Every structure is written in C-alpha cells, then in structure tokens.
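These are the residues of each chain, in order.
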Amino acid sequence: MAAAARMVIEGPGDVLSLRPRSTFVETPTVRELTDRALIYLQAGFPVHFRGPSGSGKTTLALHLAAQLGRPVMLVAGDEEVGTSDLVGGRTGYHYRKVLDNFIHSVKKYEEDATQRWVDHRLTVACRDGYTLVYDEFTRSRAEANNALLAVLEEHLLILPMAIGPETYIRVHPEFRAIFTSNPQEYAGVHEAQDALCDRLVTLDCDYYDQETETAIAAARSGLSEDQVAPLVQMVRDFRESGAYDQVPTLRSCIMIARTAAMHGFEFSAETPGFVSICLDVLGSKTPLDTRNRKRREEQQKLLLNLIQHHCGGEKRIGRAIRQSRPDPTGNAS
Amino acid sequence: MKTRRLWSIPAATGRAVKSSLSATPLRAQTELGRLTQERERLIRVRSNFIDYQTRTEAKLAAVDERLTRLRERLGLQPPTGRQAARQSLPAAGASGSKSMREVDLEY
C-alpha cells in the first residue's frame, strides 16, 4: 500500500467585473477625487479612502477599480477575517484508491491522499495582477492584515510556512490595492497598524458638496434635481445642526426621495406622507429613550421647522403633521 | 528471451509475468529511435504553438490599436470596466489558477 500527500491548488472561483449602474453620477468633485487617486495607483501605490459613513468611500473605491480595467477582488473587513482568509488555506482532502486486479490472482492496492489548498483573494490578486478592494479594512484585526505589509512594500506575498504549495509569490506588476475605512466608527473596528497605514496613500473623503449630493439623490430616486434640491438642502442643514446621535447622510436623502417618489407624495410640508417619511428617516437619528425624551422632542421640532423652511406650506403644515402622526410630545393639540 | 518476475505468483498458476522493460537489445534500439523521433516531433509542435501564440498576440495588439483609433475618430467612449476586464482576463490556464467565474457588479 502506498500513501502520499500532495497539494492541489484551487482558486476562490469568483472575480468581479465592475460597471457603473445607470444612475451613477460623476460630478466634477467625484472626477477630481478619482483622478487624484489614479495618480497614486498608476505609480504603484495603494490608495486608502478614509471618511465617515455615507461619504461614498466604497462606491468611489469600486469606481476607481473599474477605471483600472482589471478584474476585481473585493474583501470586506471583519472581526473573523484571519490570514488564511486573505491568502488561502487547507480545506479538506482528495482521496484516491486504486485496486489493480488485472491479473486475477494478483492484487495491487494503492491509496493516495491529496491535501486541497485553496488560494484566497489576496493570493489570486497578487498572482494574476487583479485589483484588490479591501472595504472597511479596520474591521479586521490588525494582525490579520500582516500579509499585506510585504505585499505592498517588497511586492512579495509570503505564505505561511508548510501550509502552502509555495512559500513566496512574486506580486504581479499590475496588482493594485484600494482600501476604505471609517475613522469615526467605533463599533466593531480596530486600530490599523502604523506599518500598514504608512504604506498607503490616504485620501480623506468628506461629505460631498451640495451639487454632487443633489445629482446623486436625483439619479437614485428618478426625480429631477430641481425636485430633490430642497430635500438635500434640508438634510444638509439638519447635518449642520448637530442635533442627532447618528449623522444624517446622503443615504437619508435617497431613502426619503425614493420612497416619497414611489408613493407619489409631493415634497411639501403640506403632504402628511412626505412629512411622516422625513420624521421616520431623520428622526431616528436620535434613539428614543426616556432619559433623552426632551432632546428627541426638540429634534423633532427642528426637523419640522426645516421641512417647513425648505419645502414650504406654512399655512397647513400643522394639519399635515397632525395627519401624518400623533403629537410626539403627547399633548393634545 | 530474458524474463523477470515482477510479483510473487502463486506456484499453482505456473506462469510468469513478462516485463516490457526486459526487451532484447534490438527491440530496445527500435524503441529508442521511436521515442527520439516522438520527442523531436513534440518539440516542433511546441515551437509551432509558441509561434502561433506570439503571432496571435501581435494580431490582437494590432486590432486593439486599430479599435482605439476608430473609437477616437468616431468619438466613442473607451470600453467600460466590464468589457475591459473581460478583454484583459488572462487566457485560461495561463496563470496557474483555476478558471474564474466572472460576477458582474454594478456600483
């Protein structure tokens, strides 16, 4: 009986081919940021988009990756991500048994156990020169990203000893890496090691300018820019006020605009449905708690004032609000 | 003819197994000549294959260049990320990794 153990290489199986959706908006601001990042990528340096939630980091990273024209490997940062999730690892065996009884009185028995090695996304991207998009990389523990240090500096992927078929992989010259992270997030994130940050060209992404936000909200809701402009301005003013726990972002504009458009609600303070959607989407930015009930009431008043200011309808706003929902303060009107 | 016993055979069978390796010198010479010719043939095939691949790459580059010029003349946009990615995917088996499934992602 003969027994042998070998490695079989298998890939992750999927590669992403990116394309902008029909509603993708490229304003001068987006183009300027993309061009800035492309300069560094073309020079061979990884780019890191850092910004708050809802600032468009991931979309920008995907847009940038699409500009490179190479297949894309997308990795999402997570607490559970380890080195083997990036570079690959052993996942089971292939067994083969051969029973040779060609001559009836002679039996030849052979058993072969082959260990299966699966390349994961970083390894495939490094070997084949794909673009790696590592979204929210600070959600992974810092030590999980250690394999990236040599990849980005020495252009060498060092596989853990004795678990792979090869120990070193020379990084393909067309390999590029794009990272995103949110420095304001505190839930489920880790600090990135300085060694990794030092290897990245970090571009800070703030919330887009009003023109870009209006264009994106209009494209995603199917409405005209003139229609969504007051709504966008209202959300921006609310963001400026600071009267919330979670920052209202462009996503809030899109949620309100698309929902209101779908149900045919006019963007007016006189439309109960529209007011109700605004209060649901934006009012929830401060959690309802018995201890901060007063703060919540003040926030709601602020929102109603903003709706009234930007979407008009001074005369009948009170009735619209009463029709949309009961008085949040609990007082009889 | 020289024979070699490969495995232990029960005596009751009364037979021995002949090995193809235990051939006469004449047959070995014939086999040597045949294998040498086969090897030369395979080298020619490989050489032709490499030439064919090189010529195809050159033709592809020329077509790409002509396409680019035509697009410029007609004022058309360059290929989208998806098309470009498909065009630049490595040839099957060229990279050592298994064939990859392409998943479209709109952003």
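Residues numbered from 1 in each chain as written. Chains lettered and ligands numbered in written order. Predicted model: local features only at pLDDT ≥ 70, side-chain atom pairs only at ≥ 80, totals over all residues. Heavy atoms only, no water.

## Let's talk about the overall build of chain B
- The helix and strand tally for chain B stands at two helices and one strand.
- Reading chain B from its N end, one meets helices and strands in the order α-α-β.
- Across the 107 residues that make up chain B, the buried fraction comes to 7%.
- With an accessible surface of roughly 9,300 Å², chain B has 55% of that area assigned to carbon and sulfur atoms. (Helix = DSSP H or I, 4+ residues; strand = E, 2+ residues; numbered from the N terminus. Buried < 20%, exposed > 50% of the residue type's maximum accessible area, 1.4 Å probe, protein only. Areas by Shrake-Rupley, 256 points an atom, 1.4 Å probe, with all protein chains shown as cover.)

## A closer look at the overall build of chain A
- Looking only at helices and strands, chain A features 12 helices and 11 strands.
- Within the span of chain A, comprising 333 residues, buried residues form 47% of the whole.
- Partitioning the intrachain contacts of chain A with sequence separation of at least 6 by distance along the chain shows that 75% fall at a separation of at least 24.
- Counting only carbon and sulfur atoms, one obtains 49% of the accessible surface of chain A, whose full area is about 16,600 Å². (Contact = heavy atoms within 4.5 Å.)

## What to know about the pairing of strand β11 (residues 201-204) of chain A
All names here are of chain A.
- Here β11 shows a clear split, with V201 and L203 buried on one side and none of T202 and D204 buried on the other.
- Bridge count for strand β3 (residues 47-50) against β11 is four bridges, and the pairing is parallel. By the bridge assignment, H48 is partnered in β11 with T202. (Pairing = 2+ DSSP bridges.)

## Digging into the side chain of A:Q299
- Here A:Q299 shows up in helix α11 (residues 293-311).
- At 3.1 Å, the side chain of A:Q299 forms a polar contact with the backbone oxygen of A:A243. (Polar contact = N/O pair within 3.5 Å; in protein donor to acceptor, adjacent residues only side chain to side chain.)

## A few points about the layout of surface pockets
Residue and element names in this part refer to chain A.
- Reported here for the largest pocket is a volume of approximately 590 Å³.
- Every residue lining the largest pocket is counted, 25 residues in all, and those nearest its centre are G56, K57, T59, R220 and R251.
- Of all the secondary structure elements, the ones that give two or more residues to the lining of the largest pocket are α2 (57-68), α7 (210-221) and α9 (250-262).
- With six residues, the top contributor of residues to the lining of the largest pocket is α2.
- Tallied by class, residues from the lining of the largest pocket come to 11 nonpolar, eight polar and six charged. (1 Å grid on protein atoms, 1.4 Å probe; cavity = no way out; pocket = protein on both sides within 12 Å on 5 of 7 lines; lining within 4 Å. Points joined across faces, edges and corners; volume = space filled by probe spheres on them. Nonpolar A, V, L, I, M, F, W, Y, C, P; charged D, E, K, R; others polar.)

## Considerations on unusual backbone geometry
Residue and element names in this part refer to chain A.
- Even without being a glycine, E136 presents a positive backbone phi close to 50°.
- Looking at the element boundaries, E136 is found in the loop between β7 (131-135) and α5 (147-153).
- For E136, a relative accessible area of 15% gives the class buried.
- Its identity as a non-glycine residue notwithstanding, H155 has a phi of 55°, on the positive side.
- Secondary-structure assignment places H155 in the loop between α5 and β8 (156-158).
- Judged by relative accessible area, which is 40%, H155 ranks as partly exposed.

## Regarding the packing of helix α8 (residues 225-241) of chain A against helix α10 (residues 272-283) of chain A
Residues and elements named next belong to chain A.
- Put simply, α8 and α10 touch, their axes get as near as 13 Å, and they point 35° apart. Classified by chirality, the crossing of α10 by α8 is right-handed. Where α8 approaches α10, its residues L231, M234, V235 and F238 are matched on the opposing element by F274, C278 and L282.
- Of the residues belonging to the contact of α8 with α10, the class tally is seven nonpolar, no polar and no charged. (Axes fitted to C-alpha atoms, helices over the stretch in contact; angles between N-to-C directions. Left-handed = near helix turned anticlockwise from the far one by under 90°.)

## As for the state of the cysteines
- Considering all chains together, one arrives at zero disulfides over all chains under this definition.
- Cysteine A:C253 shares no disulfide, and the gap to the nearest cysteine sulfur, in A:C278, comes to 9.5 Å. (Disulfide = S-S within 2.5 Å.)

## Some thoughts on the confidence of the model for chain B
Residue and element names in this part refer to chain B.
- Residues at a pLDDT of 70 or more form 58% of chain B, whose mean pLDDT is 70.
- Low pLDDT (under 50) marks residues 11-21, which in the prediction has 13 contacts with non-local residues, meaning those over four places away or in another chain.
- Counting contacts from residues 89-98, a segment whose pLDDT is below 50, to residues more than four positions away or on other chains yields 10 contacts.
- Across the interface, the model reports ipTM at 0.70; the global pTM reads 0.67. (pLDDT = per-residue confidence, 0-100.)

## Thoughts on the pattern of salt bridges
- Taken as a whole, this structure holds 18 salt bridges over all chains when the rule is applied.
- A:R36 is the salt-bridge partner of A:E32, the closest N and O atoms lying 3.9 Å from each other. On the criterion of helical spacing, the pair formed by A:E32 and A:R36 is a turn pair, its members being four residues apart in helix α1 (residues 28-42).
- A relative accessible area of 33% means that A:R36 is categorised as partly exposed.
- Two residues, B:R34 and B:E31, come together in a salt bridge whose shortest N-O distance is 3.4 Å. Of this pair, B:R34 and B:E31 both sit in helix α1 (residues 25-74), three residues apart, which is roughly one turn of that helix.
- Each of the salt bridges in this network shares a partner with another, and the network as a whole consists of A:E79, A:R141 and A:E143. (Salt bridge = Lys/Arg side-chain N within 4 Å of Asp/Glu carboxyl O.)

## Re the packing of α8(A) against α11(A)
Residues and elements named next belong to chain A.
- With their axes 9 Å apart at the nearest point, α8 and α11 run at an angle of 145° to one another. As α8 packs across α11, the resulting crossing turns out to be right-handed. Across the interface between the two elements, P230, Q233, M234, D237, F238 and S241 of α8 pack against Q299, L302, L303, L306, I307 and H310 of α11.
- Of the residues assigned to the contact of α8 with α11, the class counts are seven nonpolar, four polar and one charged.

## Section: the packing of aromatic side chains
- Enumeration over the complete set of coordinates arrives at seven aromatic pairs over all chains.
- Ring centres of A:F24 and B:Y107 lie 5.2 Å apart, and the angle between their planes is 80°; this geometry places the pair in the edge-to-face category. Here A:F24, found in the loop between β2 (14-19) and α1, pairs with B:Y107, found in the segment after β1 (101-106), and the two come from separate chains.
- Using a relative accessible area of 3% as the deciding quantity, one classes B:Y107 as buried.
- Considering the side-chain rings of A:Y134 and A:F179, the 5.8 Å spacing of their centres and the 35° angle between planes classify their relative orientation as tilted. One end of the pair, A:Y134, is in strand β7; the other, A:F179, is in strand β10 (residues 176-181), with 45 residues separating them in the sequence. As far as burial versus exposure is concerned, A:Y134 and A:F179 are alike and both buried.
- An aromatic cluster of at least three residues, connected via ring pairs, comprises A:Y134, A:F137 and A:F179. (Phe/Tyr/Trp six-rings, centres within 6.5 Å; stacked < 30°, edge-to-face > 60°.)

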